[in-house]
Amino acid sequence: MGKGSGPLTGVRIIDISSSYAAPTTSMYLADMGADVIKIEPLRGDDARGWGPPFLNGEAAWFLSVNRNKRSMCLDLRGEAGRDVLFKLLESADVFIENMNPTKLEKHGLGLDSLRERFPQLVICAFSGFGLTGPDAGLPGYDLIAQARSGIMSVTGADGVPQRVSTALSDVAAGTVAAFAIAAALVRQQQTGEGEIVDVALLEADLAFMSPRIASFLAGDPEPKPCAGTDSVVAIYQSMRTADRPVVVAIGNDRHWRRSCAALGLDELGRRDDLATNADRRAKREEVVAAFQKRLETMSSNDALKLLQDVGVPCARINSLSEVVADPQVEARKAIVDYSHPVAGTFRGVGSPWRLASDPEDRQARIPAPLRGEHGRAVLGEIGLDDAAIIELMNEEVVWVP
């Protein structure tokens, strides 16, 4: 959101997570107005080193997922650091962490003891595989989740599995967690009760695979990587034109008849044996070949205009340089610019929603923080004076710039 107050204004979140998935959650909650205090190790979040590219030393990956947060650096490995954390949690509504479940107890942050000590707290625990089950202790990353969830088994071409080339699992899990936390906050406000939100990268990816898994369990053959040509809908794939590939989505029988008429394939559109999607799936190769032969004679602009004019979903396959200049993306201000004290002007994707109460200005309230930038202010908020802060610095419990 912009610089006005959001629906989560007044909610305080303590976030000790790193990398990308859990920070996505806290960023979305911060975008909604929550006060997010990002607790980093003394060296800083690992994502600060994820580059290039760097903007004057600040990693673009880090900047893209940490707007609207305040940062302090705290060593949680010792009792003194945990005492500071516990003081912060006394005034918090939400606690977000992504430690490996087997390490939580070692660091004195067992979920059962936290629930007992802070019964009002909504605790969100991120992991690769969840808090229970035989693999709860295994580390997890986006690549691992994509592999185990089956996403890679249906992505790629010529039978060769392929990772979806973005932080898919991280953003999915982060979004799911933000929804679950917001729901838990409603109950917290109604009853005063806290919650444990258990979010796994694997299960976030399984949600993406829900229609494919359901189809397989209902009797469909096990799918293989085939460049996205095996949709339950025919036609629903990329196709070549005279100059560049486009995608066409024939989502219903009306789309089928209209697209055939628009492309001059009237005879195909009149055939009774192609009247339904099930019919067209049974003859997918013939249908695709007929469309492909026609589209190859046309420019992408001409083909898209013909189909769009009759209401058939279609699009060119944009490169990123085209995405950021897309008139619809620009009109919606989906790419936001904000000023960072070191990086300068940073451009990235804004929050993927609009509220009627949103201001027109979609800039971050505050830019992604410098390492430990707000530590002194945050420590002051829990009653520590300068002498106490200096003592913690000398003991290497906190790092304050």
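Residues numbered from 1 in each chain as written. Predicted model: local features only at pLDDT ≥ 70, side-chain atom pairs only at ≥ 80, totals over all residues. Heavy atoms only, no water.

Q: Kindly report on the side chain of Lys 38, identifying the contributing residues and their values.
A: Within the secondary structure layout, Lys 38 lies in strand β2 (residues 35-40). Given a relative accessible area of 0%, Lys 38 falls into the buried group. Engagement of the side chain of Lys 38 in a polar contact is seen with the side chain of Asp 45, the distance being 2.9 Å. In this view, Lys 38 contacts Asp 15, Ser 17, Pro 23, Asp 45, Phe 62, Asn 66, Lys 69, Arg 70, Ser 71 and Met 72; residues no more than four positions away in its chain are not counted. (Helix = DSSP H or I, 4+ residues; strand = E, 2+ residues; numbered from the N terminus. Buried < 20%, exposed > 50% of the residue type's maximum accessible area, 1.4 Å probe, protein only. Polar contact = N/O pair within 3.5 Å; in protein donor to acceptor, adjacent residues only side chain to side chain. Contact = heavy atoms within 4.5 Å.)

Q: Account for the pattern of salt bridges, with residues named and values stated.
A: Considering all chains together, one arrives at 23 salt bridges under this definition. Arg 77 is paired through a salt bridge with Asp 75; the nearest N and O atoms lie 3.0 Å apart. Given a relative accessible area of 65%, Arg 77 falls into the exposed group. According to the relative accessible area criterion, Asp 75 is buried, its value standing at 17%. The closest approach of N and O atoms between Arg 148 and Asp 135, which form a salt bridge, is 3.0 Å. Placement of the pair is Arg 148 in helix α6 (residues 142-149) and Asp 135 in the loop between β7 (122-127) and α6, with a sequence separation of 13 residues. Assessed through its relative accessible area of 45%, Arg 148 is described here as partly exposed. (Salt bridge = Lys/Arg side-chain N within 4 Å of Asp/Glu carboxyl O.)

Q: Would you mind going over the sheet that holds β2 in detail, with residue names and values included?
A: Pairing is mixed across the open sheet formed by seven strands, whose spatial order is β10-β7-β6-β1-β2-β5-β16. At either end of the open sheet lies a strand with only one pairing partner, and these are β10 (195-200) and β16 (398-399). In this structure, strand β1 (residues 12-15) lies alongside strand β6 (residues 94-97), joined through three bridges in parallel fashion. The partner of Asp 15 across the bridge, within β6, is Ile 96. The strands that helix α7 (residues 168-191) touches are β6, β7 and β10; relative to β7, the one it contacts most, it runs at about 165 degrees. Against the sheet, helix α8 (residues 201-208) touches β7 and β10, its axis set at about 65 degrees to β10. (Pairing = 2+ DSSP bridges. Axes fitted to C-alpha atoms, helices over the stretch in contact; angles between N-to-C directions.)

Q: Describe the nonpolar core, naming the residues involved and giving the relevant values.
A: Core analysis: the largest hydrophobic core is formed by 33 residues, its most contacted members being Ile 13, Leu 29, Val 94, Ile 96, Cys 124, Phe 126 and Ile 181. Of all elements in the fold, only α1 (21-31), β6, β7, α7, β10 and α8 reach the threshold of two or more residues within this core. If you tally residues by element for this core, the top one is α7, at seven residues. Cys 124 has contacts with Phe 95, Ile 96, Glu 97, Ala 177, Ile 181, Val 197 and Val 199, leaving out every residue within four places of it along the chain. Counting 32 residues, the second largest nonpolar core, distinct from the first, contains Met 72, Leu 104, Leu 111 and Val 398. (Core = buried A, V, L, I, M, F, W, Y, C linked by side-chain atoms within 4.5 Å.)

Q: So what's going on with helix α10 (residues 253-262)? Residues and values would help.
A: Listed as buried for α10 are His 255, Trp 256, Ser 259 and Cys 260. Looking straight down α10, one finds its buried side chains confined to an arc of 125 degrees; they lie on one side. Residues of α10 that are buried sit in contact with β12 (245-249), α11 (266-270), α12 (277-282), α13 (284-295) and α14 (300-309). The N-terminus of α10 is capped by Asn 252, whose side-chain oxygen sits 3.0 Å from the backbone nitrogen of Arg 254. After α10 finishes, the residue Gly 264 shows a positive phi value of roughly 75 degrees. (Arc of directions from axis to C-beta.)

Q: Any details on the side chain of Asp 15? Residues and values, ideally.
A: Structurally, Asp 15 can be placed in strand β1. In this structure, Asp 15 is buried with no salt-bridge partner, the nearest side chain bearing the opposite charge being Lys 69 at 4.2 Å. In terms of polar contacts, Asp 15 uses its side chain to reach the side chain of Ser 26, at 2.6 Å. Ignoring any residue separated from it by four or fewer positions in sequence, one finds Asp 15 in contact with Ala 22, Pro 23, Ser 26, Val 36, Ile 37, Lys 38, Ile 39, Lys 69 and Ile 96. (Lys, Arg positive; Asp, Glu negative; His and termini not counted.)

Q: How would you explain the sheet that holds β12 if you had to name every residue and give the values?
A: Whenever strands of a sheet pair, they do so through backbone hydrogen bonds, lying parallel or antiparallel. Spatial strand order, β11-β12-β13: three strands in an open sheet with antiparallel pairing. Edge positions in the open sheet fall to β11 (236-240) and β13 (314-316), since each of these has one partner strand only. Each adjacent strand pair in this sheet contributes to an overall mean axis angle of 25 degrees, direction not counted. Here β11 pairs with β12 via five bridges, running antiparallel. Bridge pairing in β12 places Ser 238 opposite Val 247. On top of the sheet, α14 reaches β12 and β13; it is set at about 160 degrees to β13, its chief contact.

Q: Describe helix α3 (residues 79-90), naming the residues involved and giving the relevant values.
A: Because each turn of an α-helix spans 3.6 residues, side chains separated by three or four positions end up pointing in the same direction. Here α3 is twelve residues long and its end C-alpha atoms lie 16 Å apart, about the 16 Å a rise of 1.5 Å per residue gives. Restricting attention to buried positions, one finds in α3 the residues Gly 81, Arg 82, Val 84, Leu 85, Phe 86, Leu 88 and Leu 89. (Expected span 1.5 Å × (residues − 1).)

Q: Summarise the packing of aromatic side chains; cite the residues concerned and give the values.
A: Under the counting rule described, the total for this entry stands at six aromatic pairs. With 6.0 Å between their ring centres and 80 degrees between their planes, Trp 50 and Trp 61 make a pair best called edge-to-face. Taken together, the residues Trp 50 in the loop between β2 and β3 (54-55) and Trp 61 in helix α2 (residues 60-63) connect sequence positions eleven residues apart. Judged by its relative accessible area of 31%, Trp 50 is partly exposed. You can call Trp 61 partly exposed: its relative accessible area is 39%. The interplanar angle of 20 degrees and the centroid separation of 5.7 Å between the aromatic rings of Trp 256 and Phe 291 together place this pair among those described as stacked. One end of the pair, Trp 256, is in helix α10; the other, Phe 291, is in helix α13, with 35 residues separating them in the sequence. We note that Trp 256, like Phe 291, is buried. (Phe/Tyr/Trp six-rings, centres within 6.5 Å; stacked < 30°, edge-to-face > 60°.)

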